[in-house]
Amino acid sequence: MTRTRAAGPDFVGVAMTISAAAFFATLGPLAEFGDRAGVGTLPFVTWRAALGAACVGIVMAGAQVAGRSSGAVPLSALPRRDMRFLLGTGLVNAILNFCVFAAFQRVGITLALLVFYLYPAWVALASVLWFGERLDALRWAALGMALIGCVLMVAGAGGIGQLDVIGIALAFVAGIGQTLYVLAARHAFSHVPSAQAAVLTMGTAAVLYVLAALVLGEGASLLTPVHGADALWPVVLAGVIGAGASTYLYISGVRRLGPPRAAILALFEPMVAVALAFVLVGERPAPIQLVGGALIVAAAIVLQVRPRADVGDHEAV
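Report on the accompanying structure.

As for the packing of aromatic side chains
- Applying the stated criterion across every chain yields a total of 4 aromatic pairs.
- Aromatic side chains Phe116 and Tyr119 sit 5.3 Å apart centroid to centroid with 55 degrees between the ring planes, which places their arrangement in the tilted category.

Comments concerning the side chain of Ser194
- For Ser194, the position within the fold is in helix α8 (residues 194-215).
- Of the polar contacts made by the side chain of Ser194, one reaches the side chain of Ser252; its length is 3.4 Å.
- Not counting residues within four places of it along the chain, the set of residues in contact with Ser194 comprises Tyr248, Ile251, Ser252 and Arg255.

Quick notes on the environment of Val115
- Following the sequence through the fold, Val115 ends up in helix α4 (residues 80-116).
- Separated by 53 residues in sequence, Val115 and Ile168 place their C-alpha atoms 7.0 Å apart.
- Ignoring anything within four residues of it in the chain, the contact list for Val115 reads Ile168, Ala171 and Phe172.

Quick look at the packing of helix α7 (residues 165-187) against helix α9 (residues 229-257)
- The geometry of α7 relative to α9 is characterised by a closest axis approach of 8 Å and an angle of 65 degrees between their N-to-C directions. Every pair of crossing elements has a handedness; the one defined by α7 and α9 is right-handed. Contacts between α7 and α9 involve Gln178, Tyr181, Val182, Ala185 and Arg186 from the first element and Thr247, Tyr250, Ile251, Val254 and Arg255 from the second.
- Class assignment for the residues of the contact of α7 with α9 results in 6 nonpolar, 2 polar and 2 charged.

Procedures and definitions
- Sequence order as written defines the numbering, with residues in each chain counted from 1.
- Owing to the predicted nature of the model, reporting of local features is limited to residues with pLDDT of at least 70; listing and counting of side-chain atom pairs is limited to 80 or more, with chain, interface and lining totals taken over all residues.
- Think of the side-chain values as coming from all heavy atoms in the structure, minus any hydrogens and water.
- Two aromatic rings from Phe, Tyr or Trp, using only the six-membered ring of Trp, form a pair when their centres are within 6.5 Å; if the ring planes differ by under 30 degrees the pair is stacked, by over 60 it is edge-to-face, and anything between is tilted.
- Helix and strand labels come from DSSP, where a helix needs a run of H or I of at least four residues and a strand needs a run of E of at least two; each type is numbered from the N terminus.
- In the analysis that follows, any N or O atom pair within 3.5 Å is treated as a polar contact, provided that within protein one partner can donate a hydrogen and the other can accept it, and provided that, for residues neighboring in sequence, both atoms belong to side chains.
- Only heavy atoms matter for contacts: two residues are in contact if any of them lie within 4.5 Å across the pair.
- For every element, the axis is a line fit to its C-alpha atoms; helices are fit only across the contacting stretch, and the angle between N-to-C directions ranges from 0 to 180 degrees.
- A crossing counts as left-handed when the near helix is turned anticlockwise from the far one by less than a right angle, and as right-handed when that turn is clockwise.
- Each residue gets one of three labels, nonpolar for Ala, Val, Leu, Ile, Met, Phe, Trp, Tyr, Cys and Pro, charged for Asp, Glu, Lys and Arg, and polar for the others, Gly among them.

Pasting the structure below:
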């Protein structure tokens, strides 16, 4: 089955995607604050996923009670294909988040993000090859500008770190996982509302993390955040802002804009990360970072000023 997207800019979708990128940008500093307080990777990602799912679920329930939403789709009413992909996407979400936070600890945030943010290129290629997306020369140029801008933004911070093969591999796996996540959000379970999809994917990831902790004998470590305020506040913010709000907005943005455009706009995340570093720790952006930011903004403008032709999206992965 195919369906047609309307042509032209979608500024609501753009705002959702850029807001999601901004919220995701908080995760690097929050992970650092959590690590300083003794919160390891597994407890951090577990709390983040569980709190994110809980927050979106509460908002979704409140909207249904207030009559502003039709609520969740009964799982029994979903096609088996959607259920399989929901569970699979939850597994992918669990793997990619664990890998990226583990990569932060092994090679540092800078190098991990450089490798991870190759994923918009993979999304664009997969969308063209598998789903019939049409990216003209101008949009390929936008992708190139955004990727170059991302490299300049992150590399300009310095401190690339050591070439830890395992750490780089973890970041690469996380990028591939993000590619699959983005494509699945758009194509694999289209019958599921964005909020419900966010709850199910994050909830599945949280359950898998808990099971992994129990199997590995790390169950006690999951209680680390409750030992003090210094350990608790980073994981709470990571769950509410860096998981709940960001995941819902990103899934919504992907569905409104399509995977390639949403993935390119997500490259705003390094810009926000640099701004946060300036605000929180007083790190002034280098000139090369300003150039990188300008390229990312230019890419976003290119994506919006030229209306798109109608595109047929294949619904089968």
